[in-house]
Structure formats: structure tokens, C-alpha cells
Amino acid sequence: MKNKKSFMENPAVQGILSALICIVIGVLIGYIVLLVINPAEAGTGIMAIMKNFFNYPIGKIGMKYFGSTLVKTAPLIMCALSICFCYKVGLFNIGAAGQYVVGAGVSLYTALAWGLPWYLCIILAGLGGALSGLLIGVLKAFLNVNEVISGIMLNWISLYCVNMLLTGVKEPSSPYTLPLTGHGNAGLIPSLGLSTLFNNDKVTIAIPLSILFAILVWVILDKTKFGYELKATGYNKNAAKYAGMKEKKNIIIALAIGGALAAIGASFLYLSGIENWEVGRSSVPGMGFNGIAATFLGALNPIGSIFSSFFIQHITDGAVFLDKTAFPSQIPDLITAIIIYLCGFMGFIKMLLAGKKKNKAAPSAETKQEGGKQ
Amino acid sequence: MVLLLQYMLLFASVLALVALGGCFSEHSGVINLGLEGVMVIGALGGALVLKYMPAGSPAALIVILTVIGAVICGALYSSLLGIAAIKFNADQTLVGTAMNMLATAVASVLVKAINLSEDSSNTSSVVTYIENKPALTLRIGDFEFNWFMLLALLAVIGAYILLYKTKFGLRLMACGENPQAADSVGINVYKMRWAGVLLSGVLGGLGGIAYITAGSSWTFETGVAGYGFLALAVMIFGQWKPQRIILAALLFGFFRALGSVYSGIDWLAAMNIPSTIYNLMPYIISLVVLMFSSRNSAAPKSEGIPYDKGSR
């Protein structure tokens with residue numbers, strides 16, 4: 001009994017369990033929506049989404065699609081890290097979506113127009129994103145501008161500017177940018193054998209790199225003095241200031257690093273050559289917003305973000321296997337959005353999980369604290 | 001020039017309605033970042049009414065039912081925020097963001113499902129309401145008057161009276177400034193916050209339908225292009241006061257209208273500014289405006305902080 005109690009009170013266990021509860025409820029609601037739209041096909045529909053690449057036989061083809069999902073998971077991990085990093089400092093970096101756009105613009109432009117090698121493209125993209133984050137940070141720290149609203153405005157501003165920038169390197173006959181193969185070969189991220197393993201030439205070292213970044217962010221946040229200061233600023237800005245920490249500097253640095261992470265994520269995707277940018281696009285890519293889902297589903301833990309990112313990308317890619325004449329392709333978006341909404345209740349769910357295993361005699365100061373923090 | 005005025009008033013109405021919605025919610029102490037989503041769902045409700053009303057119904061009936069459709073949908077959707085933020089003390093930023101994503105997803109799924117059931121080759125998320133749209137407008141010479149302009153004006157006057165001249169309004173604002181003190185004199189903070197959130201849903205939904213009826217069809221996959229957030233910028237610029245919000249909305253409406261009509265104005269067209277610049281303008285201006293108006297903001301003191309009876 002005693003063992004079990006401490007097991008349920010372990011924050012990691014609580015995090016994983018509450019994330020699973022959110023996922024189950026989210027998928028269930030998605031299934032109900034499918035049932036309402038088309039009862040006969042609903043079962044196959046939800047299975048198609050959940051299976052994603054398992055819709056193909058395991059083996060070469062299955063591996064190929066598994067690889068495709070991984071290629072898109074890498075940028076999602078980076079976006080999740082960006083939002084996670086800023087959230088620890090008490091900032092909601094919804095501007096990650098715009099920093100992602102900046103990263104896409106800079107990396108594609110430097111690769112296609114200047115023919116720079118991939119590592120320089122990634123570094124420049126990171127710098128671009130960092131500048132964008134820096135701007136939000138300065139506005140927040142010195143002018144008290146709400147980072148969510150300035151972030152959203154910058155998302156749209158970045159989108160239009162990147163569209164203008166990339167019009168210079170677009171294909172003459174289509175609205176897409178030139179393919180990297182043939183026009184900027186040096187910009188392609190090397191694969192070091194991963195492409196043969198996955199039987200998919202888009203699989204590159206971007207995937208292991210994104211996992212390395214996750215570990216790096218975890219180390220910075222949990223094992224360094226710098227990370228401690230950032231988190232202290234997040235818990236209580238005034239207390240941090242009182243303790244001699246530069247709270248304004250911390251806000252700005254956190255947003256700049258967050259911006260760099262999201263932008264590097266974009267370069268991971270676009271420099272793998274799996275997608276080209278559509279220069280006439282009128283909406284901000286969803287990657288940055290899905291990053292919010294991944295962050296909170298990953299219980300605000302950088303390592304957790306790896307798994308939650310994979311899950312979200314997995315169901316997003318699963319939409320391809322939905323019968324388009326029977327179901328709208330936005331079902332995974334719906335499930336993701338419901339999961340994010342439910343993440344708002346995570347504090348409450350954790351309270352339930354912790355409370356359930358408690359004896360009636362101890363109506364729990366701890367439970368109250370949990371609730372109070374939210 | 002008449003066209004410029006018309007567009008300016010229409011966009012200003014949209015922004016004023018939604019900004020007033022944000023104003024009520026924030027005065028009660030809840031930050032409604034989900035206004036963008038509320039707009040989408042309100043627009044969806046109104047658009048479906050417009051689509052399904054038989055052509056040739058009396059214009060007044062069409063207007064009233066469309067407004068009711070948008071208002072009910074907006075209010076219902078905003079209760080998602082109410083449940084999470086008031087009852088369960090959830091992070092209001094997170095819930096608002098989720099609502100924005102959910103709204104676009106729900107609207108596209110629903111509209112696509114409707115379109116697919118009508119015609120299995122139609123996978124678009126477009127709702128067309130060209131037949132009933134004329135009922136919403138009234139031609140006065142060259143100027144196309146839209147009933148939402150009147151509604152926005154009434155909403156501003158109504159909001160001013162409600163907030164400053166009634167017991168309800170003063171109590172509502174007390175809950176956003178100092179909920180503990182409000183509670184101590186017998187005001188039910190939870191009820192007041194619900195009132196604020198639902199009012200923001202009503203006005204946000206109305207703003208949503210006003211926004212999409214600038215045209216005669218709407219693609220729901222695109223949401224409302226950040227207008228919920230522009231409205232929040234308008235609200236901040238208007239310092240949470242209805243009489244200033246309308247002025248801020250007119251300013252923003254003007255710049256948005258320029259983007260729509262510049263090609264029809266000779267000297268502007270002659271300057272040959274790329275259309276992207278005009279598209280960018282509302283966002284850049286709101287960023288600049290925020291820089292100057294956020295520092296000494298008159299934001300309600302306790303907004304965004306869940307009310308906990310036990311804390312002090």
C-alpha cells in the first residue's frame with residue numbers, strides 16, 4: 001500500500017497518466033464525431049488515423065512511411081521545446097508558429113539563393129528565429145506588451161514577409177519554392193545511412209539532432225544555474241528580482257532561445273527536402289500550434305515532448321489514410337485541439353489521481369497545494 | 001471614397017463588437033484569448049442560418065435569426081472557457097489557444113461533413129449564402145449600409161451604460177479588480193465571471209458573423225485570420241473602455257479597409273505599393289500601438305488569476 005501511494009504521487013507518473021487520460025478522451029471524442037458523420041465507416045476511420053504507417057505491411061514500405069512521420073516529428077519536437085522552454089519562464093510563446101515560419105524562410109532562402117551548406121542554413125535560421133523571439137521579449141520586458149498578442153501579430157507579419165522573400169526562389173510554373181535537389185544540394189541535411197535504414201531519402205540526421213536538442217534543453221533547465229534562474233523567474237518574477245536575478249534579461253533570453261529552437265525546427269523539415277514552401281499560402285503552418293499540444297501533453301518535460309510530438313504527428317499523418325469522400329481531413333486537428341483543451345484540466349486530473357490513493361483520514365494539504373498552483 | 005468609408009465602418013464594427021466582448025470578459029477577471037475561436041463558431045452559426053433560410057423570407061426575419069444563431073453559438077462556445085477557467089481554474093492562455101484551434105477544426109469538419117453529404121465530390125469547407133446575404137445590407141446611394149454597423153454602435157452605447165451606470169457593471173468590474181473584496185461584500189464572483197465570459201461569447205459571435213458577411217461565402221478552413229487577436233489589441237489600445245474602444249476600432253478599420261480598396265483610389269494605386277504591404281498593415285500597426293499603450297495599461301488588476309476563495 002505504501003509503495004503504491006508514493007508511486008501515484010510521483011510527478012512523472014502523474015504526468016504520464018494524465019497525458020494518457022487526455023489522449024483517450026480526445027480520441028474517444030474524435031471517434032464519436034466520426035460516428036455522427038458516417039456510422040458505417042467510423043471504426044475503420046479512427047483505426048486508419050491511429051494506425052498511420054501501420055496501414056502498410058511492416059517491412060520496407062511501412063518503414064518508409066514511419067520515416068516520413070519521423071521527419072515531421074523532428075520539427076514538432078523543436079516547436080514543443082521552444083514553447084516548453086518559454087513556459088518555464090512563465091511565458092506563453094505562441095509566436096513559435098511565426099518563428100517557425102522565419103526559420104523556413106531563412107533556411108530555404110540561404111540554401112536556394114546563396115547555395116550555403118546545410119549547417120550554415122540551420123544556424124542562420126536559428127539566428128532569424130532568435131531575433132523574432134528577441135523582439136517579443138524586448139516588447140514584453142520593457143513595454144509590458146502581452147507576449148501572446150505580439151506573438152500572433154508577428155506570426156502574420158512573418159508569414160507575409162517570408163512569402164515575399166521566397167517568391168525570389170520559386171518555381172516559375174508553380175506556387176512552390178524550387179526543390180533543393182538540383183538547386184541547392186549543399187543545403188540538404190546529410191543522412192549518414194539513416195535513409196537506407198528507413199528506405200526513405202528524406203530521413204536525415206535532423207531526427208537524432210532534435211532528440212539531442214531535447215536532452216540539451218532538459219539539462220539546461222534542470223541541471224544548470226542558468227536554468228534555475230529562468231525557472232525562478234517563471235515562478236515569481238518579483239522574488240527572482242529580489243534575489244538579484246535579472247528578470248528582464250531572463251525573459252528576453254528565454255524568448256530568443258525559444259525562437260531559435262522553433263526556427264531550427266523549420267529548417268530540419270525544409271532542408272530534408274520533404275516539402276517545399278508555397279509562397280501564396282494564406283495561413284500560418286500548424287506546426288507551431290501543434291507544438292503547444294505536444295508541450296502540454298509531454299507534461300512540460302523536454303523528454304516527454306519527444307513522445308508526445310511523435311504521437312501528435314502520428315495521428316496528423318494518419319489523416320492521409322482517411323477516406324476523403326467519407327470524412328473531413330481535419331479530424332486529427334480536432335482530436336489534437338481537444339487534447340490541448342483537456343490539458344487545461346491536467347492540474348485537476350492530477351489532483352484526482354493523487355487524491356484517489358489517499359486515505360479518507362488525510363484530506364490532504366498536498367492535494368490543495370496541487371490545486372493552488374494551477 | 002464611399003467604398004473606403006463602407007469597408008472602414010464594417011471592419012470597425014467587427015473589431016468593436018469583438019473588442020467589447022473581450023472588455024466584458026476581462027473586466028470580470030477572465031482573459032478570453034479564445035475570442036478568435038468564438039468568432040469562428042459564431043460565424044458558423046450565423047452562416048448556417050443564412051444558408052438554410054429559404055430564399056425570399058422577409059429580410060427582417062433573416063437578420064434577426066442570423067444574429068440569434070451567431071449569438072447562441074458564440075455564447076455556448078465561450079462556456080468552454082467558463083467551465084475550464086472559472087470552475088476548474090485552468091490556465092486561461094492555454095484554454096483560449098485550444099479554443100482557437102478547436103473552433104477552426106470543428107467548423108471545417110462540420111462544414112465539410114455537410115458539403116460531403118450534399119455532394120460527395122465536394123470536399124471544400126465553403127459555406128455559400130449569396131441568396132440571403134442582401135437581407136443584411138441596405139443600399140443608401142452608393143453606400144451599402146450593413147445592419148451590423150448599427151448593432152456595433154448600439155453595443156458600444158449599451159456597454160458603456162451597462163459598465164458604468166448599472167449595479168451589474170460596477171459589480172462585474174469589481175470582480176476583475178479585487179475579487180476577494182467583491183466577495184466580502186456579498187457579490188458572487190463565480191456568477192459575475194460567468195456573466196462576463198458569456199457576454200464576451202455573445203459579442204464575439206456577433207463580430208464573427210459580421211466579419212464573414214463582408215463577402216457572400218466563407219472558407220471555414222482559414223478561420224478569421226487573427227481578427228480575434230486584432231480585436232484584443234483594439235481593446236488594449238482602447239484601455240478597456242467602450243468609448244475609447246470604438247475610436248481604436250475605427251482607426252484599425254481604416255487601415256484594414258485601405259487594403260481592400262486601395263486599387264480603386266487613384267493616387268494610392270499610382271504609388272504601386274505591393275498588396276502584401278496593405279495586408280501587413282493592420283498587424284504592424286497593432287504591434288506599434290501595443291508598444292505605446294501597454295506600458296501604463298489600465299488592465300483589470302486581477303485578470304487571468306483564477307479566483308480562489310481561500311487565498312488572500
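Every value quoted in this text rests on a predicted model; they were computed, and no experiment measured them. (Residues numbered from 1 in each chain as written. Chains lettered and ligands numbered in written order. Predicted model: local features only at pLDDT ≥ 70, side-chain atom pairs only at ≥ 80, totals over all residues.)

Asks: Pulling in residues and values, what's your account of the overall build of chain A?
Replies: When helices and strands are counted, chain A shows 18 helices and zero strands. What you see for chain A is a C-alpha radius of gyration of 22 Å, in line with the 21 Å of a compact globule of 374 residues. By its C-alpha atoms, chain A is 75 × 60 × 35 Å across when sized along the principal axes. Contacts in chain A between residues far apart in sequence, at least 24 positions, make up 76% of those at least 6 positions apart. (Helix = DSSP H or I, 4+ residues; strand = E, 2+ residues; numbered from the N terminus. Rg over C-alpha atoms; globule rule 2.2 N^0.38 Å. Contact = placed C-beta atoms within 7 Å.)

Asks: I'd like a rundown of the environment of B:I277, residues and numbers included.
Replies: Mapped onto the fold, B:I277 is located in helix α12 (residues 275-293). Considering only alpha carbons, one finds B:I277 and B:G259, 18 residues apart in sequence, at a separation of 8.3 Å.

Asks: How would you sum up helix α6 (residues 118-143) of chain A? Please name residues and give values.
Replies: For an α-helix the count is 3.6 residues per turn, leaving residues at separations of three or four pointing the same way. Compared with the 38 Å implied by 1.5 Å per residue over 26 residues, the 37 Å span of α6(A) between its first and last C-alpha is a close match. Directly after α6(A), the chain includes A:N144, whose backbone phi takes a positive value near 60 degrees. (Expected span 1.5 Å × (residues − 1).)

Asks: Before we move on, can you summarise the nonpolar core with the specific residues and values?
Replies: Grouped together as the largest cluster of nonpolar side chains are 226 residues, with contacts concentrated most on B:L15, B:A16, B:A19, B:L20, B:A43 and B:V234. Setting aside its immediate chain neighbours within four residues, B:V234 contacts B:L15, B:A19, B:I245, B:A248, B:A249 and B:F252. (Core = buried A, V, L, I, M, F, W, Y, C linked by C-beta atoms within 7 Å. Buried ≥ 20, exposed ≤ 12 C-beta atoms within 10 Å, placed from the backbone.)

Asks: For the interface of chain B and chain A, give the residues involved together with the corresponding values.
Replies: Taken together, the contact between chain B and chain A spans 42 residues of the former and 40 residues of the latter. Elements represented by at least two residues in the side of chain B that touches chain A include exactly α3 (59-87), α4 (92-118), α9 (227-237) and α12 of chain B. Per element, the largest residue contribution to the side of chain B that touches chain A is 15 residues, and it comes from α4(B). Here the residues of the side of chain B that touches chain A sort into 25 nonpolar, 13 polar and four charged. (Nonpolar A, V, L, I, M, F, W, Y, C, P; charged D, E, K, R; others polar.)

Asks: Account for the pairing of strand β3 (residues 143-146) of chain B, naming residues and giving values.
Replies: Residues and elements named next belong to chain B. Across four bridges, strand β2 (residues 137-140) lies against β3 in antiparallel orientation. Each bridged residue has a counterpart across the sheet, and for L138 the counterpart in β3 is F145. Between the antiparallel neighbours β2 and β3 lie two residues, among them G141 with a positive phi of about 65 degrees. (Pairing = 2+ DSSP bridges.)

Asks: Can you explain the confidence of the model for chain A? Please cite residues and give values.
Replies: Any segment with low pLDDT has predicted coordinates that should not be analysed in fine detail. Across chain A, the average pLDDT comes to 85, with 93% of residues at 70 or higher. For the stretch residues 358-374 of chain A, pLDDT sits under 50, and the model shows 18 contacts to residues farther than four places along the chain or on other chains. (pLDDT = per-residue confidence, 0-100.)

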